[in-house]
Amino acid sequence: MNCLSPSILSADLTCLGDQVRALDRAGADYFHIDIMDGAFVPNISFGIPVIKAVRGLTDKICDVHMMVNEPIRYIDQAAEAGADLITVHAEACTHLDATIQRIRSAGAMAGVALNPATPVSAVSCILGQVDMVLVMMVNPGFGGQKLIPYTIDKIRELKTISEGGRDSFDIEVDGGVNFDNAALLLDAGANILVSGSCLFDGDIEENTTRFREILE
């Protein structure tokens, strides 16, 4: 199933509730919530209270992307706040296996994210333990960047592994996703598209409908 996960990093925070409800009505499947610590990435964004706030606005999947060093410290809090899916960066975890297991024990789905220059081989040992792999199409930390072309090869590589039968997982892409490249990303093997700047630029309900037409 192909899904759309709006990134609220690009939302108008003065009317976040209205925008989440509008996206929910228009057909968003997930809500992508970026947690940034200013250390793993050069920016600070949302924290646990925002997860809780979004959880109170929608029944859709709260897709929490933890761009923080040693995210194992915050897994339980994120799950308690309402995170359905918690994705951690392979590069940010001293003990990635333990972090994935912590997510599962907290009752959430587990995802692992890869920065553009991190190869798929870095997570080969834990692919059987995750529900989703997030391929970063840009260097994380800021919205509005252009997609890095070579990251599409990693989508294809992951799709081949997932279709091989041993390990099955969703493939999410984040960074520079827009109307012009969405079909290409789906063809490469992605099935969850995170969109921020493109989706929130203009009429968000019309933009959501346009993405849904591509996804379907």
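Residues numbered from 1 in each chain as written. Predicted model: local features only at pLDDT ≥ 70, side-chain atom pairs only at ≥ 80, totals over all residues. Heavy atoms only, no water.

1. Side note on the pairing of strand E6 (residues 132-136)
Along E6, five of the five residues are buried, which leaves the element largely enclosed by surrounding structure. Residues Met132, Leu134 and Met136 line one face of E6 and the alternating positions Val133 and Val135 line the opposite face, and both faces are buried. As defined by bridge partners, strand E5 (residues 109-114) adjoins E6 across four bridges and the pair is classed as parallel. Its bridge partner lying in E6, Leu114 is registered against Val135. Remark: the E6/helix H5 (residues 151-163)/strand E7 (residues 170-174) crossover connection has right-handed handedness. (Buried < 20%, exposed > 50% of the residue type's maximum accessible area, 1.4 Å probe, protein only. Helix = DSSP H or I, 4+ residues; strand = E, 2+ residues; numbered from the N terminus. Pairing = 2+ DSSP bridges. Right-handed = clockwise from strand over helix to strand, strands pointing away.)

2. Here we look at the sheet that holds strand E2 (residues 30-36)
Spatially, E1-E8-E7-E6-E5-E4-E3-E2 is the arrangement adopted by the eight strands of the open sheet, whose pairing is parallel. What marks the edges here is a single partner per strand, and that holds for strand E1 (3-6) and E2. Strand-to-strand twist in this sheet, taken as the mean axis angle between neighbours without regard to direction, amounts to 25 degrees. Pairing of strand E4 (residues 85-89) with E5, which is carried by five bridges, proceeds in the parallel orientation. Bridge assignment links Val88 to a residue of E5, and that residue is Val112. Relative to the sheet, helix H2 (residues 48-55) contacts E2 and strand E3 (61-67), its axis offset from that of E2 by approximately 170 degrees. Docked against the sheet, H5 engages E5, E6 and E7, running at close to 165 degrees with respect to E6. (Axes fitted to C-alpha atoms, helices over the stretch in contact; angles between N-to-C directions. Contact = heavy atoms within 4.5 Å.)

3. Things to note about the pattern of salt bridges
The full count for this structure, using the stated rule, is 10 salt bridges. Here Asp18 makes a salt bridge to Arg21, at a shortest N to O gap of 3.7 Å. Separated by three residues within a single helix, Asp18 and Arg21 lie in helix H1 (residues 16-26), roughly one turn from each other. Its salt-bridge partner being Lys159, residue Glu163 comes within 3.7 Å of it at the nearest N-O pair. (Salt bridge = Lys/Arg side-chain N within 4 Å of Asp/Glu carboxyl O.)

4. Observations concerning the packing of aromatic side chains
A full pass over the atoms with the stated rule returns one aromatic pair. Stacked on the ring of Phe179, the Lys or Arg Arg210 has its end atom at 4.0 Å from the ring centre. (Phe/Tyr/Trp six-rings, centres within 6.5 Å; stacked < 30°, edge-to-face > 60°. Lys NZ or Arg CZ within 6 Å of the ring centre and 35° of its normal.)

5. Quick look at the state of the cysteines
One pass over the structure, following the stated rule, counts zero disulfides. Considering cysteine sulfurs only, Cys3 is the nearest to Cys62, which forms no disulfide, with 14 Å between them. Cysteine Cys125 is unpaired, with the sulfur of Cys93 as its nearest cysteine sulfur at 15 Å. (Disulfide = S-S within 2.5 Å.)

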